[in-house]
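# What the coordinates show
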Amino acid sequence: SFQEAGVIQQAYNLNFLFHVVPTRCAQRPAWSAFSVSSPAIVLETGKQAGAGARDRPEAVVVRLHKACGSTVTAWLQTSLPVKKAMLRVHAEGLGVRGNGGQSLQPCALTPSCDLLEHLAAQGCLPLEQQGLRLSFTPFRMLSVLLLPSH
């Protein structure tokens, strides 16, 4: 299948080329701010929150999507110090699941923010040892607003 062949990752590699710049500094260990436990999930964007989060200038937004059919639950891990995480679902009927596995509709989500990072209500996703547990249905996008703990 195209999923097993890594077509989606190869397409991203083609469209988002890395530029190698030689340096004279000492080798440093590899570091990543984010990782996702499933290859079916694409971490599309990690960025500083925009003007909508003006009262939280240190916030970070991470946007992820399910790139092919089927549903999947994945863990978003970060090496950044996070004290709160809020979810934004980008379409209706999304297949986001709470801790008990119950389906949550967008209007029922307490912890949410809009595309401009305005908080719709107070609340947060549970931060677990493995990271943030996110459930995806095919081709759906989620945004997570992360508030640092410092």
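Residues numbered from 1 in each chain as written. Predicted model: local features only at pLDDT ≥ 70, side-chain atom pairs only at ≥ 80, totals over all residues. Heavy atoms only, no water.

The name an unreviewed UniProt entry assigns to the chain is MA2C1 mannosidase, from the organism Aegithalos caudatus.

### Topic: the confidence of the model for the chain
How we decide: How sure the predictor is of each residue is captured by pLDDT, a score from 0 to 100. Residues count as neighbours in contact if any of their non-hydrogen atoms are within 4.5 Å of one another.
The predicted model of the chain averages 75 in pLDDT, with 73% of residues at 70 or higher. A low-confidence stretch, residues 91-112 stays under pLDDT 50, and its non-local contacts, those more than four residues away or across chains, total 47 contacts.

### Comments concerning the pairing of strand β10 (residues 132-136)
Under the convention used in this document: For the exposure calls, accessible area comes from a 1.4 Å probe over protein chains only, and a residue counts as buried if that area is under 20% of its type's maximum, exposed if over 50%, partly exposed in between. Strands here mean DSSP runs of E at least two residues long; helices mean DSSP runs of H or I at least four residues long; both are numbered from the N terminus. In short, DSSP must find at least two bridges between two strands for them to pair.
Burial runs high along β10: four of the five residues are buried. Pairing of strand β4 (residues 72-78) with β10 involves five bridges; the strand directions are antiparallel. Directly across from Leu-76, in β10, lies its bridge partner Leu-132.

### Points about the sheet that holds β4
Within a sheet, each strand pairs with its neighbour through backbone hydrogen bonds, oriented either parallel or antiparallel. This is how it is decided: Lines fitted to C-alpha atoms define the axes, with helix axes restricted to the stretch in contact, and inter-axis angles between N-to-C directions lie between 0 and 180 degrees.
As summarised here, the arrangement of the three strands in space is β1-β4-β10, forming an open sheet in which the pairing is antiparallel. Since the sheet does not close on itself, it has two edges, and those belong to β1 (34-36) and β10, each with one partner. Each strand of the sheet is rotated relative to its neighbour by a mean of 25°, with strand direction disregarded.

### Regarding the side chain of Ser-143
How we decide: N or O atoms within 3.5 Å of each other form a polar contact, as long as, within protein, one can give a hydrogen and the other can take it, and as long as residues adjacent in sequence are counted only when both atoms are side-chain atoms.
Locating Ser-143 in the fold gives a position in strand β11 (residues 141-148). Within the local environment of Ser-143, its side chain forms a polar contact with the side chain of Arg-63, the two groups lying 2.8 Å apart.

### Structural notes on the layout of surface pockets
Basically, it comes down to this: The rule is simple: put a 1 Å grid over the protein atoms alone, call a set of points where a 1.4 Å probe fits but cannot get out a cavity, call an open set with protein on both sides within 12 Å along at least five of seven lines a pocket, and count a residue as lining if it has an atom within 4 Å of a point. Grid points are joined across faces, edges and corners, and a volume is the space filled by probe spheres set on the points. Gly counts as polar in this scheme, as do all residues outside two lists: the nonpolar Ala, Val, Leu, Ile, Met, Phe, Trp, Tyr, Cys and Pro, and the charged Asp, Glu, Lys and Arg.
Considering only enclosed or pocket space, the largest pocket measures out at about 670 Å³ in volume. Lining the largest pocket are 21 residues, with Gln-9, Tyr-12, Ile-41, Val-42 and Leu-43 sitting closest to its centre. Elements supplying a minimum of two residues to the lining of the largest pocket: α1 (7-15), β1 and β2 (41-48). Sorting elements by how many residues they give to the lining of the largest pocket places α1 first, with five residues. Each residue belonging to the lining of the largest pocket can be placed in one class, and the counts come to 14 nonpolar, six polar and one charged.

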